[in-house]
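The lines below spell out each chain.
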Amino acid sequence: NGEIGAYIGAQKKLMQDKLKLSATVRVDKNQNFNWISTQSFSGVYTQNSNHTFRLVFSSAIRNPTLADQYLYYNVGRAILLGNITGRDSLVRIQSFFDYLENLNVSKLQYFNVARLRPERVMTMEAGYRATLFNKLFVDMSYYYSIYHDFIGYKIGLDLNFKSGIPDFQAYRLSANTDDIVYTMGFSAGLNYYVHEKYALTGNYSFNQLMRPDSTDEIITAFNTPLNKF
């Protein structure tokens, strides 16, 4: 699987070098997907050697992994599939259970899974870093992200009606969400230097995925804990 990319960036210092502005443009190409361009802009203000503020806007892409594209793995209950071609006429699991109650084919609900697309995100981040009392180092940040084509998994059945109750094969396919996904979070880290040879350190982060009013049955691939310390 081949990939290629390139980027160019520029940087400008203002206000007696206290404010640093940066901009970057990047292009990426995977052999199975189209060219995609992304951009990022940032401003870092250093009030003095003890206090620094930053504000960043960035856009980015994540190409599907090799497993997302090519996986074929039979785990017994289902076959895990990559998805660079798409899949038609799969049946929703619950509708198959409804069908089995009285063998009413009108209960079956079919759906298609489109071929994978790269995941795209736009993020705003604000941060603050400080050294206090010559002993305490603090670094805090907050971010808010908006995802399009968030990558996850969809599960469905392929039915064979050649005789009586149909044979079936369950599949779990890599797929993109049909709606917009939001994530937000913040983190804080502390280093307290008790002595020139000893320090106490700690950190905490909060990360949340949000899908307001979503009816998409996708299983999102977001394996980040809500709280981590």
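That block above? That's the structure.
Because the structure is predicted, anything quoted here is derived from the model rather than measured. For every chain, the first residue of the written sequence is number 1, and numbering continues from 1 onward in sequence order. Local features in a predicted model are, by the rule used here, given only for residues with pLDDT of at least 70; side-chain atom pairs are given and counted only at 80 or more, and totals for whole chains, interfaces and linings are based on all residues. With hydrogens and water excluded, all non-hydrogen atoms of the structure serve as input to the side-chain values.

Asks: How should the overall build of the chain be read in this particular structure?
Replies: Put simply, DSSP H or I for four residues or longer makes a helix, DSSP E for two residues or longer makes a strand, and each gets a number counted from the N terminus. Along its length, the chain carries two helices and 16 strands. For 229 residues, the compact-globule estimate of 2.2 N^0.38 gives 17 Å, and the C-alpha radius of gyration of the chain, at 24 Å, exceeds that figure by more than 25%. For the chain, the spread of C-alpha atoms along the principal axes amounts to about 80 × 40 × 35 Å. Contacts: residue pairs with any heavy atoms within 4.5 Å of one another. Taking the contacts inside the chain whose residues are at least 6 apart along the sequence as the reference set, 56% of them involve residues at least 24 apart. Only carbon and sulfur atoms are counted for the fraction: they give 55% of the accessible area of the chain, which is about 14600 Å². One finds the centroid of the 23 positive side-chain charges in the chain at a distance of 9 Å from the centroid of its 19 negative side-chain charges. Both definitions apply: the radius of gyration is a C-alpha atom measure, and the globule rule equals 2.2 Å times residues to the power 0.38. Each accessible area value is a Shrake-Rupley result obtained with a 1.4 Å probe; residue values ignore everything except the protein chains displayed when judging cover. Positive residues here are Lys and Arg, negative ones are Asp and Glu, while His and the chain termini are left out of the count. Charge positions are represented by NZ for Lys, CZ for Arg, CG for Asp and CD for Glu.

Asks: Explain the pairing of strand β2 (residues 19-30) to me, please; I cannot follow it from the model alone.
Replies: Two faces belong to every sheet, and in a regular strand the side chains alternate between them. By this definition, two strands are paired if DSSP reports at least two bridges between them. Bridge count between strand β1 (residues 3-14) and β2: 12 bridges; the pairing is antiparallel. Bridge pairing links Gly 5 to Asp 28 in β2. Linking β1 back to β2 in an antiparallel pair, the connection comprises four residues, with Met 15 at a positive phi of about 55 degrees. Summarising the sheet, β2 and strand β3 (residues 36-48) pair through 10 bridges and their orientation is antiparallel. Each bridged residue has a counterpart across the sheet, and for Val 27 the counterpart in β3 is Ser 37.

Asks: Mind showing me how you'd approach the side chain of Thr 38 here?
Replies: With respect to the secondary-structure elements, Thr 38 resides in strand β3. On the basis of relative accessible area, Thr 38 is assigned to the buried category, the value being 8%. When residues no more than four places from it in sequence are discounted, the contact partners of Thr 38 are Thr 24, Val 25, Arg 26, Ser 59, Ala 60 and Ile 61. With a 1.4 Å probe rolled over the protein chains alone, any residue whose accessible area is under 20% of its type maximum counts as buried; one over 50% counts as exposed, and the rest are partly exposed.

Asks: What am I meant to see in unusual backbone geometry here?
Replies: Of all residues except glycine, most have a negative phi; of all peptide bonds, most are trans. Positive phi outside glycine occurs at Gln 16, with the angle close to 55 degrees. When you line up the elements, Gln 16 lands in the loop between β1 and β2. Accessibility expressed as a relative area gives 75% for Gln 16, which makes it exposed. At Asp 149, a residue that is not glycine, the phi angle is positive and equals roughly 60 degrees. Take Asp 149: it is sitting in the loop between β10 (136-148) and β11 (151-160).

Asks: When you look at the environment of Gln 208 in this model, what are you seeing that I'm missing?
Replies: In this fold, Gln 208 is placed in strand β14 (residues 198-210). Taking relative accessible area as the criterion, Gln 208 reaches 30% and is therefore assigned partly exposed. As a C-alpha pair, Gln 208 and Thr 183 span 25 residues in sequence and 5.5 Å in three-dimensional space. Every residue in contact with Gln 208, bar those within four places of it in the chain, is listed here: Tyr 182, Thr 183, Met 184, Phe 222 and Leu 226.

Asks: Just checking my understanding: could you explain the pattern of salt bridges for this structure?
Replies: Where side chains of opposite charge bring their charged atoms close, a pairing between them can arise. For salt bridges, the criterion is a side-chain nitrogen of Lys or Arg within 4 Å of an Asp or Glu carboxyl oxygen. Evaluation of the coordinates by the stated rule reveals nine salt bridges. Here Arg 62 ties to Glu 119 by a salt bridge, and the two come within 3.2 Å at their closest N and O atoms. On the criterion of sequence distance, the pair formed by Arg 62 in strand β4 (residues 51-62) and Glu 119 in strand β9 (residues 119-132) is long-range, its members being 57 residues apart. For Arg 62, a relative accessible area of 32% puts it in the partly exposed group. When the shortest N-O distance is used, the salt bridge between Asp 158 and Arg 87 registers 3.7 Å. With Asp 158 in strand β11 and Arg 87 in strand β7 (residues 87-91), this pair connects stretches of sequence that are 71 residues apart. Using a relative accessible area of 26% as the deciding quantity, one classes Arg 87 as partly exposed.

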